[in-house]
Amino acid sequence: MTAFLQYLVLGLLVGGVYALVASGLSLVFGVMKIINIAHGAFLILGAFLAYTVWSWLGLDPLIGIVIIAPLMFLLGWGVYWVAVRPVRLAPIASTVLLTFGIALVAEAVMGFTWGNNMTSIQPSYTSESFHIGGIYLPKTQVYGGIIAIGVLALLGFMLTRTWLGRAIRAAAINPSGAALIGIKPVTVSALVFGIGTAAAGTGGAIVGVLYSFVPGTHYIWIARLLAIVVLGGLGSLNGAVVGAVIFGLAETFTAAYISPAWATAVPYMVVFVVLLVRPQGLMGTRLREDAVAT
């Protein structure tokens, strides 16, 4: 029973990190109807920035999030205005190709700047754990999970309790109606893309402490994140959180009770089974094709 509780807590902590990163991807799709393939590359960029803050400045990589998040927001804001805005009304295939191209450019820049060797961030508490009874919880996962959950809570508060959050939700539900009451959908989209990129960078800083990475690792992460948001329901933030927790628990329990070799495959099997029953995802909405055609 003690081992089960330990794996349960670890799975929830990992799920919290996944939820933070997946929330940015889901938010961008919910408002802009863009599947941002570059989201995984932004995550790895956040990990490299955390590595730089830690190795060059001697600052704890998790504390460095206060520097990384604003930088990533500005990057997302700039990428939107330069590259995404001109094609925002294009077919979804065009935006997928565009963001895939952005991911390739980001990978090349990271490779040129930091190299293509395996990189890891190891703060002083990497090998330390909290002991609660017979439960051992690595400090890196505890700190990373708590920060991820805290940032998620702030994001949720912003979306539900502030004027900006109401503007974002209005632009997502009815862009034309939002424009009539003075909300500029283009400006809101730029903010959302920046927030999504900041969420990716913040999650990347945490991921960099938990896992090793190279520039090309973004392919693994975008596959995982797309599976999570599809499982939860495209465009649903609550669905992204639920999907991320399920994914984290499935990975952790599979590695513990079956084999680490199956830890990657089993969560995707769960996604497959769920989509057979609910093609729209756990918390997504099924729409008639004739109702959304324009």
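No experiment lies behind these values; they were computed from the predicted model shown.

Undergrad: Is there a simple way to explain the packing of helix 10 (residues 237–257) against helix 11 (residues 265–277) in this structure?
TA: Running from N to C, helix 10 and helix 11 cross one another at 135°; their axes reach a closest spacing of 8 Å. The orientation of helix 10 relative to helix 11 falls into the category oblique. Here the hand of the crossing between helix 10 and helix 11 comes out right-handed. On helix 11, the residues that touch Ile-246, Phe-247, Ala-250, Glu-251 and Thr-254 of helix 10 are Val-266, Pro-267, Tyr-268, Val-270 and Val-271. Here the residues of the contact of helix 10 with helix 11 sort into eight nonpolar, one polar and one charged.

Undergrad: What is the right way to read a nonpolar patch on the surface from this model?
TA: Taken together, the side chains of Phe-4, Leu-5, Tyr-257, Ile-258, Trp-262 and Met-269 make up a nonpolar region of the molecular surface, amounting to roughly 610 Å² of accessible area. Classification of Tyr-257 by relative accessible area gives partly exposed; the value is 48%.

Undergrad: How should I be thinking about the nonpolar core in this particular structure?
TA: Considering soluble globular proteins, one finds that nonpolar side chains tend to be buried as a cluster. Of all hydrophobic cores here, the largest spans 73 residues; its most connected members are Met-32, Val-84, Ile-168, Val-188 and Phe-193. Non-local contacts of Val-84, meaning those with residues more than four positions away in its chain, are made with Met-32, Ile-34, Val-79, Leu-98, Ile-102 and Phe-193. With five residues, the next largest nonpolar core counts Leu-10, Leu-13, Ile-135 and Val-142 among its residues.

Undergrad: Where do I start with the packing of aromatic side chains in this structure?
TA: Within a pair of aromatic rings, the relevant descriptors are the distance that separates the centres and the angle that separates the planes. Counted under the stated rule, the structure contains 16 aromatic pairs. Measuring from centroid to centroid gives 5.5 Å for Tyr-7 and Tyr-257, while their planes differ by 85°, and the two rings are edge-to-face. Placement of the pair is Tyr-7 in helix 1 (residues 2–32) and Tyr-257 in helix 10, with a sequence separation of 250 residues. Both rings, one in Tyr-125 and one in Tyr-143, keep their centres 5.1 Å apart while their planes meet at 85°; by these two values the pair is edge-to-face. Of this pair, Tyr-125 sits in the loop between helix 4 (92–114) and strand 1 (129–132) while Tyr-143 sits in helix 5 (residues 139–161); the two residues are 18 residues apart in sequence, bridging distant segments of the chain. Here a set of aromatic residues connected by ring pairs shows up, and it is made of Tyr-18, Tyr-211, Trp-221, Phe-247 and Tyr-268. A cation sits over an aromatic face here: Lys-33 above Phe-29, 6.0 Å from the ring centre. When the ring centre of Phe-130 is taken as origin, the NZ or CZ atom of Lys-139, which lies over that ring, is 5.2 Å away.

Undergrad: Please clarify how empty space enclosed by the protein should be interpreted in this entry.
TA: Vacant regions in the atomic arrangement are exposed by a probe of water-molecule size rolled over the atoms. Inspection of the entire model under this criterion finds one cavity of 30 Å³ or more. Estimates place the volume of the largest cavity at around 30 Å³. Together, Leu-25, Ser-26, Phe-29, Ile-34, Ile-35, Leu-226, Val-229 and Leu-234 line the largest cavity. Elements with a minimum of two residues in the lining of the largest cavity: helix 1 and helix 9 (218–232). Examining the composition of the lining of the largest cavity, we find that three residues originate from one element, helix 1, more than from any other. Across the lining of the largest cavity, the residue classes break down as seven nonpolar, one polar and no charged.

Undergrad: Would you explain the layout of surface pockets in this entry?
TA: Here the second largest pocket defines a volume of roughly 490 Å³. Contributing to the lining of the second largest pocket are 27 residues, with Tyr-18, Gln-141, Leu-210, Tyr-211 and Glu-251 lying nearest its centre. Breaking the lining of the second largest pocket down by element, the ones donating at least two residues are helix 1, helix 5, helix 8 (185–210), helix 9 and helix 10. Tallied by class, residues from the lining of the second largest pocket come to 15 nonpolar, 10 polar and two charged.

Undergrad: Explain the packing of helix 3 (residues 65–84) against helix 8 to me, please; I cannot follow it from the model alone.
TA: Helix-helix packing: each pair is described by the crossing angle between the helix axes and the interaxial distance. At a minimum axis distance of 7 Å, the contact between helix 3 and helix 8 shows a crossing angle of 140°. With respect to helix 8, the axis of helix 3 lies oblique. When you trace helix 3 past helix 8, the crossing you get is right-handed. Considering only residue class, the contact of helix 3 with helix 8 consists of 18 nonpolar, seven polar and no charged.

Conventions we followed
- Residues numbered from 1 in each chain as written.
- Predicted model: local features only at pLDDT ≥ 70, side-chain atom pairs only at ≥ 80, totals over all residues.
- Heavy atoms only, no water.
- Axes fitted to C-alpha atoms, helices over the stretch in contact; angles between N-to-C directions.
- Helix = DSSP H or I, 4+ residues; strand = E, 2+ residues; numbered from the N terminus.
- Parallel < 35°, antiparallel > 145°, perpendicular 65-115°, else oblique.
- Left-handed = near helix turned anticlockwise from the far one by under 90°.
- Contact = heavy atoms within 4.5 Å.
- Nonpolar A, V, L, I, M, F, W, Y, C, P; charged D, E, K, R; others polar.
- Patch = residues over 30% accessible without salt bridge, like charges linked within 9 Å, V, L, I, M, F, W, Y side chains within 5 Å.
- Areas by Shrake-Rupley, 256 points an atom, 1.4 Å probe, with all protein chains shown as cover.
- Salt bridge = Lys/Arg side-chain N within 4 Å of Asp/Glu carboxyl O.
- Buried < 20%, exposed > 50% of the residue type's maximum accessible area, 1.4 Å probe, protein only.
- Core = buried A, V, L, I, M, F, W, Y, C linked by side-chain atoms within 4.5 Å.
- Phe/Tyr/Trp six-rings, centres within 6.5 Å; stacked < 30°, edge-to-face > 60°.
- Lys NZ or Arg CZ within 6 Å of the ring centre and 35° of its normal.
- 1 Å grid on protein atoms, 1.4 Å probe; cavity = no way out; pocket = protein on both sides within 12 Å on 5 of 7 lines; lining within 4 Å.
- Points joined across faces, edges and corners; volume = space filled by probe spheres on them.

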